[in-house]
Amino acid sequence: MVPILPREKFLTTTTDIQGCAIDSCATNSCDILVNGGGMVGLGLALALAGEGFSVVVLDAQAAPAAPAALQASMTQPLFDSRVSALTQASRQWLQQLGVWDALAALRVCAYRDMQVWDADGTGAIHFAAEEVRASVLGHIVENRLVCAVLYAALQQQPTVQLRNGCALETATLAKTAGDYSEITCNDGTRWRCRLLIGADGGNSRVRTLCGFSTREWSYEQQAIVATVRSERPHQHTAWQRFMATGPLAVLPLQLPEASEQHHSSIVWSCDSALASKLMALSDTTFNQRLQQAFELRLGTMEIVGPRLVFPLHQQHAADYVRTGVALVGDAAHTIHPLAGQGVNLGFSDARCLASVLVQAKRRGEDLATLQTLSRYQRQRKGPNLATMLAMEGFKRSFGSDNLALRWLRNAGLRLADSQPALKRTLIRQAMGLSL
Ligand SMILES: Cc1cc2nc3c(=O)[nH]c(=O)nc-3n(C[C@H](O)[C@H](O)[C@H](O)COP(=O)(O)OP(=O)(O)OC[C@H]3O[C@@H](n4cnc5c(N)ncnc54)[C@H](O)[C@@H]3O)c2cc1C
């Protein structure tokens, strides 16, 4: 059995938050080092911190702004271009972590309906929260605000160290259970941890350094994201039109305490050649192409911020764990954004891994053995793979020009739309309540 570090032994040097006074020459020790302070890494660190582990979170980027500093700008229609559709299951977890109210006090937008249709036929499906007696299907949140509230909560935790502007460079994993792994960073700091967690995104350095193999392929697609203002209100609906070149999603946004419903975030996934052409267009011409692609369902549309583009690929680590190390979130799996599941799966990973580690601690077991960590892998790999396969099926089916397949998918959508019991199951799945 490996003892959890007593609080007074946490870090061998001073413990000033954000790294100002951490000694770059000394080696700082902790129970768990989370590399990557994105939404998933911060959520996991917060879940662990509440259980008395000493946790260090490293991130290559600057720290998120404090919620209080963001508050004043929340009534301005300047939305983060990166948003996520959070399921009810993810919202419940953020509530358990004690950050949902702070997030909602900044800015979130509930969606009550989903409209999905095939550009190439008459197939369509409509999901409504009321069909499962719920008030909402989910929420659209801005990624930077999720990070901001998680980070602020972590700053209140006495057993947590947050260090930003610090990229992990090397990792030497412990050879025997109970030993420390050693980490070095590009700012000269050195760290020792019982357990290393890779929460460092799709290009995970932890995954590469620790020799995890992946199965991956490019979709040859890119996603253009931007904020738009539409002539007609979005009606608290998440919209998605499937085209042969890729899906266009329009996700509702809302200013706090405002009744206006004219801002949305678009995620326009399309073949790389088309994406390059769309990115090269002037705003005026882009707006015209966008309205056309969206069949003017919300009237005219106007881009109100920058257009960003992200290459899309699917990637799945063959294993999520080895002795002394575990992968979570995009470091373990990256999927097409068409069903808005990436961070929701990542939060499920984080919730599961935290629970496995807490149980191990209560039983006096070593956190870092393969036996302990495999419990996490066993619970998460199957559901993640199932979601990835479903997304792949959608992507291929809607990307096909094959006449029979087009007929089948249109008929399938119409059939699903007319079957209340099947629809309720699909809705509950989309809400993350039956995963
Ligand atoms: C266009 C688009 C739309 C999407 N929409 C949705 C949606 O609606 N719903 C949904 O659930 N998901 C969505 N996703 C997926 C979602 O954004 C990701 O799954 C999620 O951001 C992954 O979070 P993460 O914390 O695992 O990784 P990341 O957000 O990538 O965070 C990784 C962190 O690690 C840090 N890092 C990287 N390397 C190092 C290093 N060497 N040392 C230290 N730190 C490092 C980075 O700075 C970063 O902060 C979308 C994705 C895209 C591309």
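Cut-offs and rules
Residues numbered from 1 in each chain as written. Predicted model: local features only at pLDDT ≥ 70, side-chain atom pairs only at ≥ 80, totals over all residues. Heavy atoms only, no water. Pairing = 2+ DSSP bridges. Helix = DSSP H or I, 4+ residues; strand = E, 2+ residues; numbered from the N terminus. Axes fitted to C-alpha atoms, helices over the stretch in contact; angles between N-to-C directions. Buried < 20%, exposed > 50% of the residue type's maximum accessible area, 1.4 Å probe, protein only. Arc of directions from axis to C-beta. Contact = heavy atoms within 4.5 Å. pLDDT = per-residue confidence, 0-100. 1 Å grid on protein atoms, 1.4 Å probe; cavity = no way out; pocket = protein on both sides within 12 Å on 5 of 7 lines; lining within 4 Å. Points joined across faces, edges and corners; volume = space filled by probe spheres on them. Nonpolar A, V, L, I, M, F, W, Y, C, P; charged D, E, K, R; others polar. Near = heavy atom within 4 Å. Polar contact = N/O pair within 3.5 Å; in protein donor to acceptor, adjacent residues only side chain to side chain. Areas by Shrake-Rupley, 256 points an atom, 1.4 Å probe, with all protein chains shown as cover. Domains from an automatic or database assignment. Core = buried A, V, L, I, M, F, W, Y, C linked by side-chain atoms within 4.5 Å. Salt bridge = Lys/Arg side-chain N within 4 Å of Asp/Glu carboxyl O. Parallel < 35°, antiparallel > 145°, perpendicular 65-115°, else oblique. Left-handed = near helix turned anticlockwise from the far one by under 90°.

### What about the sheet that holds strand β4 (residues 108-111)?
Sheet strands pair via backbone hydrogen bonds, and the direction of the pair is either parallel or antiparallel.
Okay, so step 1: With respect to topology, three strands assemble into an open sheet ordered β3-β7-β4, the strand pairing being antiparallel. The two strands at the open ends of the sheet, each matched to only one other strand, are β3 (83-87) and β4. The average angle at which neighbouring strand axes cross in this sheet is 25°, direction not considered.
Okay, so step 2: Bridging between β4 and strand β7 (residues 138-142) involves four bridges; their strand directions are antiparallel.

### Re helix α7 (residues 272-280)
Okay, so step 1: Along α7, the positions that sit buried rather than exposed are Leu-274, Ala-275 and Leu-278. For α7, the angular spread of buried residues about the axis comes to 100°, placing them on one side. Exposed residues lying more than 90 degrees from the buried face of α7 are Ala-273, Lys-277 and Ala-280.
Okay, so step 2: Looking at the buried positions of α7, the neighbouring elements they touch are β12 (214-230), β15 (263-271) and α8 (283-293).

### Here we look at the confidence of the model for the protein chain
Okay, so step 1: Residues with a pLDDT of 70 or more make up 88% of the protein chain, whose mean pLDDT is 88.
Okay, so step 2: Between residues 1-23, whose pLDDT stays under 50, and residues either more than four places distant or in other chains, the model counts 62 contacts.

### Observations concerning empty space enclosed by the protein
Okay, so step 1: Applying the stated rule across the entire model yields six cavities of 30 Å³ or more.
Okay, so step 2: There is about 40 Å³ of room inside the second largest cavity.
Okay, so step 3: Every residue lining the second largest cavity is listed: Ala-174, Thr-176, Ala-177, Gly-178, Asp-179, Ser-181, Arg-194, Thr-323, Gly-324 and Ala-368.
Okay, so step 4: A class-by-class count of the residues in the lining of the second largest cavity yields three nonpolar, five polar and two charged.

### Some points on the site of the ligand
Okay, so step 1: In the region of the ligand, 32 residues are neighbours, and Asp-59, Ala-85, Leu-168, Asp-330 and Val-343 sit closest.
Okay, so step 2: Contact between the ligand and Ala-60: a nitrogen atom at 3.1 Å from a main-chain N or O atom of the residue.
Okay, so step 3: Within the side chain of Arg-82, an N or O atom sits 3.2 Å from an oxygen atom of the ligand.
Okay, so step 4: About the coverage of the ligand: the protein hides 85% of its 1,000 Å² of free accessible area.
Okay, so step 5: Of all elements in the fold, only α1 (39-49), β2 (55-59), β3, β12 and α9 (342-362) reach the threshold of two or more residues within the shell around the ligand.
Okay, so step 6: Residues that form the shell around the ligand fall into these classes: 15 nonpolar, 12 polar and five charged.
Okay, so step 7: Viewed by domain, the shell around the ligand spans two of them, domain 1 (7-65 + 147-216 + 315-391) and domain 2 (71-143 + 219-312 + 402-430), each represented by three or more residues.

### Quick word on the nonpolar core
Okay, so step 1: Grouped together as the largest cluster of nonpolar side chains are 77 residues, with contacts concentrated most on Leu-94, Ile-183 and Leu-196.
Okay, so step 2: In terms of residue count, the dominant contributor to this core is α9 (10 residues).
Okay, so step 3: Domain assignment of the residues forming this core places at least three in each of domain 1 (7-65 + 147-216 + 315-391) and domain 2 (71-143 + 219-312 + 402-430).
Okay, so step 4: Excluding residues that lie within four positions of it along the chain, Leu-94 makes contacts with Leu-86, Val-99, Trp-100, Leu-103, Leu-150 and Phe-347.
Okay, so step 5: Grouped together as the second largest cluster of nonpolar side chains are 30 residues, Tyr-111, Ile-140, Ala-223 and Ala-249 included.

### What about the environment of Leu-150?
Okay, so step 1: Looking at the element boundaries, Leu-150 is found in helix α5 (residues 143-155).
Okay, so step 2: Leu-150 sits 105 residues away from Ala-45 along the chain, and the two C-alpha atoms are 9.1 Å apart.
Okay, so step 3: If sequence neighbours within four positions are ignored, Leu-150 has contacts with Met-39, Leu-42, Gly-43, Leu-46, Leu-94, Leu-97 and Val-99.

### What about the pattern of salt bridges?
Okay, so step 1: Enumeration according to the criterion identifies 11 salt bridges in this entry.
Okay, so step 2: Measuring nitrogen to oxygen at the nearest pair gives 3.6 Å for the salt bridge that ties Glu-142 to Arg-144.
Okay, so step 3: The exposure class assigned to Glu-142 is buried, which follows from its relative accessible area of 2%.
Okay, so step 4: Given the relative accessible area of 31%, Arg-144 is considered partly exposed.
Okay, so step 5: The partner of Glu-365 in a salt bridge is Arg-375, with the nearest N and O atoms 2.9 Å apart. Note that Glu-365 is positioned in the loop between α9 and α10 (370-398) and Arg-375 in helix α10, a separation of 10 residues in sequence.
Okay, so step 6: Given a relative accessible area of 23%, Glu-365 falls into the partly exposed group.

### Considerations on the pairing of β12
Okay, so step 1: Note that β12 and strand β17 (residues 308-317) share 10 bridges and pair antiparallel. Note that in β17 the partner of Ala-223 across the bridge is Phe-310.
Okay, so step 2: Of the strand pairs in this sheet, β12 and β15 are connected by nine bridges, and their pairing is antiparallel. Bridge pairing in β15 places Gln-222 opposite Cys-270.
Okay, so step 3: Both β12 and strand β16 (residues 301-303) contribute to a ladder of three bridges, which runs antiparallel. Bridge pairing in β16 links Ser-230 to Met-301.

### What about the packing of α1 against α5?
Okay, so step 1: Contact geometry for α1 and α5: axes closest at 9 Å, N-to-C directions at 25°. Accordingly, the angle class assigned to the pair α1 and α5 is roughly parallel. The way α1 lies across α5 gives a crossing that is left-handed. Of α5, the residues touching α1 (which contributes Met-39, Leu-42, Gly-43, Ala-45 and Leu-46) are Asn-143, Val-146, Cys-147, Leu-150, Tyr-151, Ala-153 and Leu-154.
Okay, so step 2: Taken together, the residues that form the contact of α1 with α5 break down as 10 nonpolar, two polar and no charged.

### Section: the layout of surface pockets
Okay, so step 1: Roughly 160 Å³ of volume is contained in the second largest pocket.
Okay, so step 2: Lining the second largest pocket, in full, are Ala-47, Glu-51, Trp-93, Gln-96, Leu-97, Arg-351, Ala-354, Ser-355, Val-358 and Arg-362.
Okay, so step 3: Looking at the lining of the second largest pocket, the elements with two or more residues in it are α3 (88-96) and α9.
Okay, so step 4: Residue contributions to the lining of the second largest pocket peak at five residues, all from α9.

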